[in-house]
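# Breakdown of the fold
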Amino acid sequence: MTLLPNLKLLAGGRYDFISTDSNSIADISIPGEPQKSGSDSQAFSPRVGIVYQPIEPISLYASYSRSFTPNLGTQKADLTQIEPSRGTGYEVGVKAELFDGRLITSLATYDIAKTNILTTDPNNNQYSIALGEVKSRGIEFDIAGEISPGWKVIASAYLNDAYTSKDNDPTLIGKAFPGVPSQGASLWTTYEIQKGSLKGLQFGGGIFYVGDRVNDFYDPIITLPSYVRTDAVISYKRDNWRAALNFKNIFNVRYYQTNWPLIFPQAPFTLQGTISVEF
């Protein structure tokens, strides 16, 4: 909705109905009837945003949103299902269009709170537990666009503080959430030849930096180290067809992406080929 020529409002919402049923056996080695459980949940999730343009290339914005996510297929050790997760998010930022709209940049700060976030049960890693509330606060900078015909770039950087804000276990309150880096950045650029016999040939590459992450609530001394991964791509597009070769971790850097209990280094250098067609 346009309130004024330089002031716009966005409003929306969704209503979810979730019904789940499950049959579980505590010990498959002992014959017995499955334990039946189920739940019914519903929630309304609104979102509201406002944009103000003091001058045409600059947009100041603020937004509020709610989320509702069922924790399907996950169970506590007592074989009952974990309640859905609810989230509340606030964001304030500024966006700018540069070089006649060829480049778009944004700087935003956010505050997100979520309930019933899943994590592995420390007493039995086959099951999950849900934390009371986790908060994530930070700032993010993004830039994307086409510097010149055929040359595109996407870059981003962020600082993030994710921690447990409410829990029945007071020793967890204030602790960093496992597996969430406090900082990161990325740069990806591609160039596609625009003319001649090689028109449609594209090549590019980028780097991805992920900071240190706490590995476990109960042993915060152990952390997953930061890493820098380098990827690349070569593709060719002709009419409706596109073929590509994607190179991941081309310098064979050893890094960890998931936290306990799945601590193992990601696969080394990988190569993936794709062919796609558009109709």
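In this text the structure is predicted, and so the values were computed from the model without any measurement.

## Quick notes on the nonpolar core
Judged by nonpolar contacts, Ile117, Leu131, Val134, Ala162, Leu172 and Phe177 together constitute the single largest core of six residues. Apart from the residues lying within four places of it in its own chain, the contact partners of valine 134 are Ile112, Ala113, Lys114, Ile117, Tyr163, Thr164, Ser165 and Phe177.

## What about the packing of aromatic side chains?
Aromatic ring pairs: the centre-centre distance and the angle between the two ring planes describe each pair. For the structure on display, the rule yields six aromatic pairs. Taking 5.0 Å as the distance between ring centres and 35° as the angle between the ring planes, the aromatic pair formed by tyrosine 15 and phenylalanine 17 counts as tilted. Take tyrosine 15: its relative accessible area is 45%, and that puts it in the partly exposed class. Through a chain of ring-to-ring contacts, the aromatic side chains of Tyr15, Phe17 and Phe44 assemble into a single cluster. Its end group placed over the ring of tyrosine 61, lysine 95 keeps NZ or CZ at 5.5 Å from the ring centre. The ring of phenylalanine 208 is capped by arginine 229, whose NZ or CZ atom sits 4.8 Å from the centre of that ring.

## Regarding the confidence of the model for the protein chain
In the predicted model, the protein chain carries a mean pLDDT of 85, and the fraction of residues at 70 or more is 83%. Predicted confidence in the protein chain is weakest over strand β15 (residues 270–277), with a mean pLDDT of 71, and strongest over strand β9 (residues 183–192), with 97.

## A word on a nonpolar patch on the surface
A cluster of nonpolar residues, Tyr52, Leu60, Val94, Leu107, Ile139, Phe141 and Leu159, forms a patch on the protein surface that exposes about 570 Å² of accessible area. Counting through the fold element by element, tyrosine 52 comes out in strand β3 (residues 35–55). We classify tyrosine 52 as partly exposed; its relative accessible area is 38%.

## Let's talk about the pairing of strand β6 (residues 103–120)
Bridge count for strand β5 (residues 85–98) against β6 is twelve bridges, and the pairing is antiparallel. Note that in β6 the partner of lysine 95 across the bridge is serine 106. Taken together, the 17 bridges between β6 and strand β7 (residues 128–148) define a ladder with antiparallel strand orientation. Bridge pairing links isoleucine 104 to alanine 144 in β7.

Calculation rules
Residues numbered from 1 in each chain as written. Predicted model: local features only at pLDDT ≥ 70, side-chain atom pairs only at ≥ 80, totals over all residues. Heavy atoms only, no water. Core = buried A, V, L, I, M, F, W, Y, C linked by side-chain atoms within 4.5 Å. Buried < 20%, exposed > 50% of the residue type's maximum accessible area, 1.4 Å probe, protein only. Contact = heavy atoms within 4.5 Å. Phe/Tyr/Trp six-rings, centres within 6.5 Å; stacked < 30°, edge-to-face > 60°. Lys NZ or Arg CZ within 6 Å of the ring centre and 35° of its normal. pLDDT = per-residue confidence, 0-100. Helix = DSSP H or I, 4+ residues; strand = E, 2+ residues; numbered from the N terminus. Patch = residues over 30% accessible without salt bridge, like charges linked within 9 Å, V, L, I, M, F, W, Y side chains within 5 Å. Areas by Shrake-Rupley, 256 points an atom, 1.4 Å probe, with all protein chains shown as cover. Salt bridge = Lys/Arg side-chain N within 4 Å of Asp/Glu carboxyl O. Pairing = 2+ DSSP bridges.

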